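Chain by chain, the residues:
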Amino acid sequence: MDELELEFELHPQLAADCIVLGDFPLCRLLLINDANYPWFILVPRRAGATEIYHLPEDERCQMIHESSFLAENLADIFAAKKMNVASLGNMVPQLHLHHIVRQEDDAAWPGPVWGKVPAKPYTDEQIHEIRHKVEVLLTNTGEVTISPEES
């Protein structure tokens, strides 16, 4: 573990809005607590990074690998019509990549999800189901370590 990872702290807004699911080799895997859409976030565990180009080249490649791997698997798990992957950072400056599973019948289709409908928090059972789906698919590859569920 290097100094930038030791100094890493999740931005307070991400901590408030998300459920920690686990860790890829570089990125923390989060679930936005909004049952309107399966919406995941990858955050590289690097203090001070606000842009992808702030990462060294090998970590940029690792982040893209983790993002592509996650998007492909989420598309399969949730039968996505389209995967929206984006890094905005206008409200939360900490580098993070959104991975939103889109369906033609979702609340915002075909427009952007931001501000379309109020967030609908997941139930504990829904979180457990999503955690299980992600865990079964992703841990079998050795790509991600799933965090234990909070009781």
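We now turn to the structure provided with this report. (Residues numbered from 1 in each chain as written. Predicted model: local features only at pLDDT ≥ 70, side-chain atom pairs only at ≥ 80, totals over all residues. Heavy atoms only, no water.)

One pass over the full model with this rule turns up five salt bridges. The closest approach of N and O atoms between arginine 45 and aspartate 23, which form a salt bridge, is 3.4 Å. You can see arginine 45 sitting in the loop between strand 3 (39-44) and helix 3 (57-77) and its partner aspartate 23 sitting in strand 1 (residues 18-23), a full 22 residues away along the chain. In this structure, arginine 45 and aspartate 23 share a single accessibility class: buried. In this structure, the salt-bridge partner of glutamate 104 is lysine 81, at a minimum N-O distance of 3.6 Å. Of this pair, glutamate 104 sits in the loop between strand 5 (97-102) and helix 4 (124-139) while lysine 81 sits in the loop between helix 3 and strand 4 (82-86), and the two are 23 residues apart along the sequence. The burial state of glutamate 104 is the same as that of lysine 81; both residues are exposed. Among the charged side chains, a salt-bridge network with shared partners connects Asp23, Arg28 and Arg45. (Salt bridge = Lys/Arg side-chain N within 4 Å of Asp/Glu carboxyl O. Helix = DSSP H or I, 4+ residues; strand = E, 2+ residues; numbered from the N terminus. Buried < 20%, exposed > 50% of the residue type's maximum accessible area, 1.4 Å probe, protein only.)

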